[in-house]
Amino acid sequence: MLQKSRSWLQGIRLKALAVVMATVLAAIGIIAWSTIPAWPVIGVGVAIVAVALNHVAVRLHEPMCWSCGGSMKSQPIGQHGSICPACGAVNQPLLTSEEIRNT
């Protein structure tokens, strides 16, 4: 059986979806099972999702390869992006508004 390879960014998306779905199911279970009012449970669920997604996405702040997750800090940026030294994928850089004005 052929196994599909999943990119690093797809793994991040899958983790984020898993956190959201687990929190929603846990909140529904707590509301249905206990006599706790729904609003506090929903508020705690939203806070858990916000903290968990922030924790998952913190690595996206640094320049990295979207395929394997390798560091792209020291790689030169060409016309089509930079090439990952680990996997060879071409990654389009995320430019700030100041970098866009200077080009």
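Residues numbered from 1 in each chain as written. Predicted model: local features only at pLDDT ≥ 70, side-chain atom pairs only at ≥ 80, totals over all residues. Heavy atoms only, no water.

## Here we look at a nonpolar patch on the surface
Alright, step 1. A surface patch of nonpolar side chains, amounting to about 280 Å² of accessible area, comprises Leu14, Leu17 and Met21.
Alright, step 2. Mapping Leu17 onto the fold places it in helix H1 (residues 8–33). (Patch = residues over 30% accessible without salt bridge, like charges linked within 9 Å, V, L, I, M, F, W, Y side chains within 5 Å. Areas by Shrake-Rupley, 256 points an atom, 1.4 Å probe, with all protein chains shown as cover. Salt bridge = Lys/Arg side-chain N within 4 Å of Asp/Glu carboxyl O. Helix = DSSP H or I, 4+ residues; strand = E, 2+ residues; numbered from the N terminus.)

## Considering the side chain of Asn91
Alright, step 1. In this fold, Asn91 is placed in strand E2 (residues 90–91).
Alright, step 2. There is a polar contact of 3.4 Å between the side chain of Asn91 and the backbone oxygen of Ala89.
Alright, step 3. Setting aside residues no more than four positions away along its own chain, Asn91 makes contact with Cys65, Trp66, Ser67, Met72, His80, Gly81, Ser82 and Cys84. (Polar contact = N/O pair within 3.5 Å; in protein donor to acceptor, adjacent residues only side chain to side chain. Contact = heavy atoms within 4.5 Å.)

## Here's the deal with helix H2 (residues 38–57)
Alright, step 1. Between its terminal C-alpha atoms H2 stretches 28 Å, which fits the 28 Å expected from 20 residues at 1.5 Å a residue.
Alright, step 2. Along H2, the residues classified as buried are Val41, Gly45, Val49, Ala52 and Val56. Angularly, the buried residues of H2 cover 75° about the axis, an arc narrow enough to put them on a single face. Of the exposed residues in H2, those oriented more than 90 degrees away from the buried face are Trp39, Val46, Val51 and Asn54.
Alright, step 3. Contacts made by the buried residues of H2 are with H1. (Expected span 1.5 Å × (residues − 1). Buried < 20%, exposed > 50% of the residue type's maximum accessible area, 1.4 Å probe, protein only. Arc of directions from axis to C-beta.)

## Brief notes about the environment of Ala38
Alright, step 1. Locating Ala38 in the fold gives a position in helix H2.
Alright, step 2. Spatially, the C-alpha atom of Ala38 lies 8.5 Å from that of Ala27, the residues being eleven residues apart in sequence.

## Here's the deal with the state of the cysteines
Alright, step 1. Under the definition given, this model contains zero disulfides.
Alright, step 2. Residue Cys87 stays outside any disulfide, its sulfur separated by 3.6 Å from that of Cys65, the closest cysteine.
Alright, step 3. You can call Cys87 partly exposed: its relative accessible area is 41%. (Disulfide = S-S within 2.5 Å.)

## Quick notes on the confidence of the model for the protein chain
Note: predicted coordinates in regions of low pLDDT should not be interpreted at a detailed level.
Alright, step 1. Averaged over all residues, the pLDDT of the protein chain is 81; the fraction at 70 or higher stands at 83%.
Alright, step 2. In the model of the protein chain, helix H3 (residues 97–102) stands out as the element of lowest mean pLDDT, 60, in contrast to H2, which has the highest, 91. (pLDDT = per-residue confidence, 0-100.)

## A closer look at H1
Alright, step 1. The first and last C-alpha atoms of H1 sit 37 Å apart over 26 residues, in line with the 38 Å expected at 1.5 Å per residue.
Alright, step 2. Within the span of H1, buried status applies to Trp8, Leu9, Gly11, Ile12, Ala16, Thr23 and Ala27.
Alright, step 3. Residues of H1 that are buried sit in contact with H2.

## Things to note about the environment of Pro85
Alright, step 1. Summarising the element assignment, Pro85 is placed in the loop between strand E1 (82–83) and E2.
Alright, step 2. When the C-alpha atoms of Pro85 and Gln75 are compared, they prove to be 8.3 Å apart, with ten residues separating the residues in sequence.
Alright, step 3. The contact partners of Pro85, leaving out residues within four places of it in the chain, are Met72 and Gln75.

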